Amino acid sequence: MTRYILRRVIQMIPRLLIIYSLIFVMTYLLPGDPVRAIYGEEVNRMSPTQIEQIKESLGVNRPFLEQYVSFIVQTLRLEFPESRVMRGQDVGDVIGYRLPRTLQLMLGGLLVALCIGIPAGIIAAIRQYTWLDHTLMLIALIGVSMPVFWQALIAQLFLTQSKYGVALFPPGGYGDGNLHYLMLPALVLGTHLAASIARITRSTMLEVKTQDFLQTARAKGLAPARILLRHHLSNALIPVITILGLQISGLLTGSVLTESVFRWPGLGQATVDAINARDVPIIMGLMVYGTIIILVINLITDVLYAIVDPRIRYS
Amino acid sequence: MTTSATTITPLHAAGAGNQYSFWRRFLRAYFRNAIAAVGLLIVTVMLIAALTAPFIAPYNPNKTSVRDRLQPPGTTFFLGTDDFGRDIFSRLLHGAGFSLRIAIFAQLLTTLIGVSLGLISGWYGGRVDDLIMFLAETSYAVPGIIFLIIWVSLLGLGRESIFLALALIGWSGDARMVRAQVLSLKEREYVVAARAMGASPARIMALHLLPNCLAPTIVLASLGIAGVILAESGLSFLGVGVQIPDPSWGSMIKDGGGMLTSAWWYSIFPGLAIMLAVLGFNFMGDGLRDALDPRQYE
C-alpha cells in the first residue's frame, strides 16, 4: 500500500508539469497591459521610463523561456510568487486565506448532500418502479438540471428577505466564521450535489440487489434491516465513494459559482478577481494548487476504496 | 423501462424481416418511456425556437427603451423587460441559439476527440494506450472552472475558442468508455476474422468497432450537451472576459441577480430556460440509455 501511494505521488509530477506549462503559455498570452491592470488610470501620468522600470521589476520583459524556467524553479523551491496587484501578498497568503473557506463550503455541502442523497437513493431503490421511486428520481433529475447559481438566487429570494419569503438567513458574506452564514450556501451546494448522489446510490443499490449473497442472507433468515444495512448498503456504497472522488472537480465548480452569489470569500472569488486584475502569479498559483488538491483528493478516495472494499488490492 | 406485459419474441423470429430490427425495437422502447418522449419534445421545441428566433421573437432583443424599463410580465411584454427596457422573452429566444450552438458544437468536438483517442488507445494498446490514458487522467484532474475562466478571459466568450476549451476538459469520459468497449470487442471472432483477412486497422475501427460503440456514445453525448449548457451558463454568469452584446442566458441571470426583490422575473425566467433545456437533454439521455440497453430485450 505504501509503495502504491508513493508511485501515485510520483506519477503526479509529469501531470502537474503538463498542466503547469499549459497554464503558463495561456497566461503568457493573456491580452492587455499588465502595468495598466495594476496601476489603472495612474499609468497615464507615468513617464515611459517609469513604465519600463515597473515592467522590469515585474519580469514581464524577460524572454518567454526564462520566465517559464524561473516559475518552475520557484515552485520547486516552494517559493510563492508575490501578487502583482495586492502589494505584500503572495500566492501562499491568498490560498492560505481562501482555501479553508472554500473547503468549509465544500465540506458543508458534502455533508448536506450525503444526508439527503443517500437516504433518497436507498428509498428509491427499495421501492423501485413505484410512484415514490419515480417522484424522487424526477426531483433528482430536476435538481441536476438546475444551474447551481440560479438555485442560489432562488434561495436568496425566498430565505433571506421578507418581501417574498422569510428572512431566515443572512443574504451573504462570511460573518467572521459564524456558522449561520455558512448554512444557506452549504444547503444550496448540498441539495445540488444530493441530486446526483441520489441517482448514483439508487443505481448501485439496484445492481447489488440481484447478487447471490443477498439471497443467501435472506435465506439464512436475517432481519431485513440487517440485510439492508450490513449486506446491501455497505456493498452499494463502495462505488459511490469513487464517484464522489471524481465529482470533486464538479463540487469545486459548484462552490465557485455559489461563492459568487453569496459573496463567500473563497477560491472562486479570488480567481475571478485575479483574472480581472491580470494577476498572473496568483492565477498560476490557484491553478497549480487547485490541481494538486484534486489529485490528492483522488488519491485519498482510491485508498479509501481499497480500505472499505477488501476485494481491491493495490500492489 | 416499465414493461411487464411484453410478449417474448422467439430468437429465430428476431432476424426475420424488418419488423424486429434493432432500430425499430429501439424506437418502440424509447417512446414507451414517457419521460424520454417529453425530453425529445423539449429539445425539439428548443431547437425550433432557437432556429426561428429572428422570425418569432415579438421584439428586437437588443432594442432599449427607457420608458419600458423593468416592466413586470403582462400582456405587452410576455415575460417582462429588463433594466434597459428590452423584452426578456425575445432575449431568451435569441439566447437559445447562442447557448445551444455552443453546447452542440462543443459536444461534437468532445465526442470526436474522445472517440478517436479511445479507439486508438484500445486498439493499439502498449505505449500509445499508456500515453492516452495518462492524458485522460491529467485532463480529469484539471480544476475545470478555473481553467475555463482563464481560457475565456484569454480568448473571449462566444468565440469558437470555448468549444475547444470545453472539449479539452471533457473528452476523457468518451475515451475511457470507447477504450473499454474496444478492449472487449477486439477478441471477438468477427474482428479476429477481419484481421486475418488483412483488413487495415482504420477499416476495422470504422466498420467493426465504431458501430458497436455508437449506443453508449450517443447516451454520453446527450448527457454531455446538458453538462455543457450548464458550464457555459456558469461562465456567462461569472461574467469574466470579453463581454458580448448578444443575449446569453447566464449573463441575463447575472444582470438580474442584483434586482431580485425589485424585478424577480429578470433572472428567474432565464434560469427556467436553462433548466428546461438541460432537463430536455437529460431526459433524452436517460431515455436513450434505457432504450439502447441490450438487457431491455432479454
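Conventions adopted
- Residues numbered from 1 in each chain as written.
- Chains lettered and ligands numbered in written order.
- Predicted model: local features only at pLDDT ≥ 70, side-chain atom pairs only at ≥ 80, totals over all residues.
- Heavy atoms only, no water.
- Helix = DSSP H or I, 4+ residues; strand = E, 2+ residues; numbered from the N terminus.
- Buried < 20%, exposed > 50% of the residue type's maximum accessible area, 1.4 Å probe, protein only.
- Areas by Shrake-Rupley, 256 points an atom, 1.4 Å probe, with all protein chains shown as cover.
- Contact = heavy atoms within 4.5 Å.
- Lys, Arg positive; Asp, Glu negative; His and termini not counted.
- Charge placed at Lys NZ, Arg CZ, Asp CG, Glu CD.
- Phe/Tyr/Trp six-rings, centres within 6.5 Å; stacked < 30°, edge-to-face > 60°.
- Core = buried A, V, L, I, M, F, W, Y, C linked by side-chain atoms within 4.5 Å.
- Domains from an automatic or database assignment.
- Expected span 1.5 Å × (residues − 1).
- Bend = angle between axes of the 7 residues up to and from the residue.
- Polar contact = N/O pair within 3.5 Å; in protein donor to acceptor, adjacent residues only side chain to side chain.
- Buried area = accessible area lost by both parts, 1.4 Å probe.
- Salt bridge = Lys/Arg side-chain N within 4 Å of Asp/Glu carboxyl O.
- Nonpolar A, V, L, I, M, F, W, Y, C, P; charged D, E, K, R; others polar.
- Patch = residues over 30% accessible without salt bridge, like charges linked within 9 Å, V, L, I, M, F, W, Y side chains within 5 Å.

Section: the overall build of chain B
Along its length, chain B carries 11 helices and 0 strands. Starting at the N terminus and ending at the C terminus, chain B contains elements arranged as α-α-α-α-α-α-α-α-α-α-α. Buried residues in chain B amount to 50% of all 298 residues. Of the accessible surface of chain B, which amounts to about 14,200 Å², a share of 64% is contributed by carbon and sulfur atoms.

Let's talk about the overall build of chain A
Within chain A, the regular secondary structure consists of 13 helices and 0 strands. If you list the helices and strands of chain A from N to C, you get α-α-α-α-α-α-α-α-α-α-α-α-α. Burial statistics for chain A: of 315 residues in total, 48% are counted as buried. When contacts within chain A are restricted to residue pairs at least 6 apart in sequence, long-range pairs at least 24 apart make up 73% of them. In the form shown here, chain A has an accessible surface area of approximately 15,800 Å², with 64% of it arising from carbon and sulfur atoms. Of the side-chain charges in chain A, 26 are positive and 19 negative, and the distance between the mean point of each set is 13 Å.

Description of the packing of aromatic side chains
Scanning all chains against the criterion turns up 7 aromatic pairs over all chains. Plain terms: the ring middles of F149 of chain A and F237 of chain B are 4.2 Å apart, the flat faces sit at 15 degrees to each other, and that makes the pair stacked. Taken as a pair, F149 of chain A in helix α7 (residues 148–159) and F237 of chain B in helix α9 (residues 201–238) lie in two separate chains rather than in one. With relative accessibility at 1%, the residue F149 of chain A sits in the buried group. When the centroid spacing of 5.8 Å and the interplanar angle of 40 degrees are considered together, the rings of F105 of chain B and F163 of chain B count as tilted. Residue F105 of chain B is found in helix α4 (residues 88–124), and its partner F163 of chain B is found in helix α7 (residues 161–185); the two are separated by 58 residues along the sequence.

Some words on the nonpolar core
Membership of the largest hydrophobic core comes to 105 residues, with the highest contact counts inside it found for I23 and M287 of chain A together with L92, F147, I150, I229 and W249 of chain B. Lining this core are residues from two domains, each supplying at least three of them: domain 1 (2–76) and domain 2 (91–308) of chain A. When neighbours within four sequence positions are excluded, F147 of chain B is seen to be in contact with L22, I23, M26 and M287 of chain A together with V142, A165, L168 and I169 of chain B. Membership of the second largest hydrophobic core comes to 33 residues, among which are L193, L206, L295 and L299 of chain A.

Let's talk about the environment of S200 of chain B
Of note, S200 of chain B is situated in the loop between α8 (189–196) and α9. In sequence terms S200 of chain B and D255 of chain B are 55 residues apart; their C-alpha atoms lie 56 Å from each other.

What to know about helix α5 (residues 91–126) of chain A
Residue and element names in this part refer to chain A. Compared with the 52 Å implied by 1.5 Å per residue over 36 residues, the 49 Å span of α5 between its first and last C-alpha is a close match. Maximum bend of α5: about 25 degrees, positioned at R98, with proline P100 one to four residues after it. Where α5 begins, the capping side chain belongs to D90, and its oxygen is found 3.0 Å from the backbone nitrogen of G92.

A short note on the domain arrangement of chain A
Residues and elements named next belong to chain A. Along its sequence, chain A is carved into domain 1 (2–76) and domain 2 (91–308). Each of domain 1 and domain 2 has a C-alpha centre, and the two are 33 Å apart. Every contact between the two is made by 19 residues of domain 1 and, on the other side, 15 residues of domain 2. When the two sides are added together, the surface that domain 1 and domain 2 hide from each other amounts to roughly 1,600 Å², 80% of it contributed by carbon and sulfur. Here domain 1 is connected to domain 2 by 0 salt bridges. For the side of domain 1 that touches domain 2, the residue count by class is 14 nonpolar, 2 polar and 3 charged.

Here's the deal with the environment of N282 of chain B
With respect to the element layout, N282 of chain B can be found in helix α11 (residues 265–292). Between the C-alpha atom of N282 of chain B and that of D130 of chain B, which follows or precedes it by 152 residues, the distance is 32 Å. In this view, N282 of chain B contacts L141, V144 and S145 of chain A together with L223 and A226 of chain B; residues no more than four positions away in its chain are not counted.

Describing unusual backbone geometry
Residues and elements named next belong to chain A. The backbone of Y129 sits at a positive phi, close to 70 degrees, despite the residue not being glycine. The topology assignment puts Y129 in the loop between α5 and α6 (131–145). The exposure class of Y129 is partly exposed, given its relative accessible area of 42%. Positioned with a positive phi, R263 is a non-glycine residue whose angle comes to about 50 degrees. Counting through the fold element by element, R263 comes out in the loop between α11 (248–262) and α12 (267–276). Look at R263 and you get exposed, because its relative accessible area is 56%.

Let's talk about a nonpolar patch on the surface
Taken together, the side chains of M1, L304, I307 and V308 of chain A make up a nonpolar region of the molecular surface, amounting to roughly 360 Å² of accessible area. Relative to the elements of secondary structure, L304 of chain A occurs in helix α13 (residues 280–308).

Structural notes on the interface of chain B and chain A
Taken together, the 44 residues of chain B in the interface contact 48 residues of chain A. For the chain B and chain A pair, buried surface summed over both sides reaches about 4,200 Å², with 80% attributable to carbon and sulfur atoms. At the junction of chain B and chain A, the tally comes to 2 salt bridges. Between R15 of chain A and E137 of chain B there is a salt bridge, with its nearest N and O atoms 3.4 Å apart. Counting every contact that joins chain B to chain A gives 6 residue pairs in polar contact (both at pLDDT 80 or more).

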